Amino acid sequence: QVQLVESGGGLVQAGDSLRLSCAASGRTLSSYAMGWFRQAPGKEREFVSGISWRSEYTFYAASVKGRFAISRDNAKNTVFLQMNSLKPEDTAVYYCARQRQGTLPARVGREYDYWGRGTQVTVSS
């Protein structure tokens, strides 16, 4: 069993930065690709970013590319999402998830088997 806990969310102004963390317990995250997803009120969950377990591959949604950066520290069983130049449209609950299998990070939620409870990010204009 794997438990994922996100932290680092909050209320910020447009243009500010936040760094989200996803800490895992129960089992190591090594050997698994990890992803960040988000869900805004009234909208479907969407892929934000993914990273392979050795960090050689990182993928981003077009809406966040160039502003967000995903990273991981396997020794600390933690994945990060650095979010810069935040916009009001980035407001959402952000979730981290462990990919079921595969090297390349997947962009669809069904490829992930463990999810955190999420952390709220609110960006005011």
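See above for the structure.
Below, the structure is looked at part by part. (Residues numbered from 1 in each chain as written. Predicted model: local features only at pLDDT ≥ 70, side-chain atom pairs only at ≥ 80, totals over all residues. Heavy atoms only, no water.)

### Digging into the packing of aromatic side chains
Alright, step 1. Inspection of the entire model under this criterion finds four aromatic pairs.
Alright, step 2. When the ring of phenylalanine 37 is compared with that of phenylalanine 47, the centres are 5.6 Å apart and the planes differ by 80°; the resulting orientation is edge-to-face. On the criterion of sequence distance, the pair formed by phenylalanine 37 in strand β4 (residues 34-39) and phenylalanine 47 in strand β5 (residues 46-51) is long-range, its members being ten residues apart. Comparing phenylalanine 37 with phenylalanine 47, the two get one shared label, buried.
Alright, step 3. Centre to centre, the rings of phenylalanine 37 and tyrosine 112 are 5.1 Å apart; their planes meet at 80°, and the pair counts as edge-to-face. A residue pair is termed long-range when its members are at least 10 positions apart, and phenylalanine 37 in strand β4 and tyrosine 112 in strand β10 (residues 112-115) qualify at 75 residues.
Alright, step 4. Aromatic rings pair up to connect Phe37, Phe47, Tyr112 and Trp115 into one cluster.
Alright, step 5. Here the guanidinium or amino end of arginine 19 rests over the ring plane of phenylalanine 80, the centre of that ring lying 3.9 Å away.
Alright, step 6. Across from the ring centre of phenylalanine 37, 5.8 Å away, lies the NZ or CZ of arginine 45, which sits over that ring. (Phe/Tyr/Trp six-rings, centres within 6.5 Å; stacked < 30°, edge-to-face > 60°. Helix = DSSP H or I, 4+ residues; strand = E, 2+ residues; numbered from the N terminus. Buried < 20%, exposed > 50% of the residue type's maximum accessible area, 1.4 Å probe, protein only. Lys NZ or Arg CZ within 6 Å of the ring centre and 35° of its normal.)

### Section: the state of the cysteines
Alright, step 1. Tallied over the entire structure, the rule returns one disulfide.
Alright, step 2. The disulfide partner of cysteine 22 is cysteine 96, and the gap between their sulfur atoms is 2.0 Å. Disulfide cysteine 22-cysteine 96: torsion about the S-S bond near 55°, hence right-handed. Within this pair, whereas cysteine 22 is found in strand β3 (residues 18-25), its partner cysteine 96 is found in strand β9 (residues 92-99), the two being separated by 74 residues in sequence. Here the two residues cysteine 22 and cysteine 96 agree in accessibility, since each one is buried. (Disulfide = S-S within 2.5 Å.)

### Observations concerning the environment of serine 31
Alright, step 1. Note on placement: serine 31 falls in the loop between β3 and β4.
Alright, step 2. The class of serine 31 is partly exposed, set by a relative accessible area of 46%.
Alright, step 3. C-alpha of serine 31 to C-alpha of asparagine 74: the two residues are 43 residues apart in sequence and 9.1 Å apart in space.

### What about the nonpolar core?
Alright, step 1. Ranked by size, the top nonpolar core spans 26 residues in total, and within it Leu4, Trp36, Phe68, Val79, Leu81, Met83 and Tyr94 carry the most contacts.
Alright, step 2. Elements supplying a minimum of two residues to this core: β3, β4, β5, β7 (68-73), β8 (78-83), β9 and β11 (119-124).
Alright, step 3. For this core, the element with the highest residue contribution is β3, accounting for four residues.
Alright, step 4. When near neighbours in sequence (up to four residues on either side) are disregarded, valine 79 contacts Leu20, Ser21, Cys22, Leu29, Met34, Trp36, Ile51, Ile70, Ser71 and Arg72.
Alright, step 5. In this structure, Phe37, Phe47, Ala97 and Tyr112 belong to the second largest nonpolar core, which totals five residues. (Core = buried A, V, L, I, M, F, W, Y, C linked by side-chain atoms within 4.5 Å. Contact = heavy atoms within 4.5 Å.)

Remember, this is a structural readout, not a statement about activity or role.
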